[in-house]
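Analysis of the macromolecular model
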Amino acid sequence: MKGIVFTEFLELVEEKFGLETVDKIINASNLPSGGAYTAIGTYDFAEMLSLLSHLSDHTSISIDDLLLVYGEHFFSVLARSYPQLIEKYKGPIELLSSIENHIHVEVRKIYPDAELPTFEIVEKTDKALIMIYKSSRAMSSFGLGLMNKTFNHYNANATILLDKIKADGTEVKFSITKN
């Protein structure tokens with residue numbers, strides 16, 4: 001997993017819960033990296049799971065809820081760092097439907113070894129989108145947070161339903177309806 005995902009996560013934890021919490025979850029996680037991340041580095045996903053698990057234990061917030069908030073935070077990082085990827089699109093449905101065939105292509109140019117989820121478009125209209133998320137990492141709540149902020153970015157509202165196709169969350173159907 002790319003280091004930017006770790007560095008931004010720890011920045012968010014510090015912002016929301018304080019530096020003591022960051023230190024606490026790093027120490028509790030017994031990380032091979034020691035919790036020293038660089039944005040361009042690559043780290044084992046197991047480290048993120050450990051950090052999330054310890055943060056969830058410490059805060060009594062579910063991992064899915066933590067990932068949702070983190071996804072919302074991460075959208076602002078992407079918008080600030082890579083505005084050209086977002087501003088190319090006229091609306092949220094257009095942007096979300098292009099994740100697999102454009103945005104992930106561009107991400108791979110920047111981070112060639114990035115392990116990204118896949119998004120299969122099942123149905124698309126001007127006001128609705130159904131897509132299937134697939135990832136061994138089961139971070140669909142992170143994706144939901146990104147989607148929420150995508151609509152906010154375009155001053156639009158949507159109802160986004162998340163249905164687990166596989167119980168472990170590695171395959172999820174997102175049904176998005178623009179309000």
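Because the structure is a prediction, the values reported are computed rather than measured. (Residues numbered from 1 in each chain as written. Predicted model: local features only at pLDDT ≥ 70, side-chain atom pairs only at ≥ 80, totals over all residues. Heavy atoms only, no water.)

Let's shift gears to the packing of aromatic side chains. One pass over the full model with this rule turns up nine aromatic pairs. Taking the centre distance of 4.4 Å and the plane angle of 25 degrees together, the rings of F6 and Y37 count as stacked. Of this pair, F6 sits in helix α1 (residues 3-17) while Y37 sits in the loop between α2 (19-29) and α3 (45-59), and the two are 31 residues apart along the sequence. Like Y37, F6 is buried. Ring geometry for F9 and Y70: centres 5.4 Å apart, planes at 75 degrees, overall edge-to-face. You can see F9 sitting in helix α1 and its partner Y70 sitting in helix α4 (residues 63-81), a full 61 residues away along the chain. Taking the relative accessible area as the measure of exposure, F9 reaches 2% and is therefore buried. For Y70, a relative accessible area of 1% translates into the label buried. Following the ring pairs from residue to residue traces out a cluster consisting of F9, Y70, F74 and F142. (Phe/Tyr/Trp six-rings, centres within 6.5 Å; stacked < 30°, edge-to-face > 60°. Helix = DSSP H or I, 4+ residues; strand = E, 2+ residues; numbered from the N terminus. Buried < 20%, exposed > 50% of the residue type's maximum accessible area, 1.4 Å probe, protein only.)

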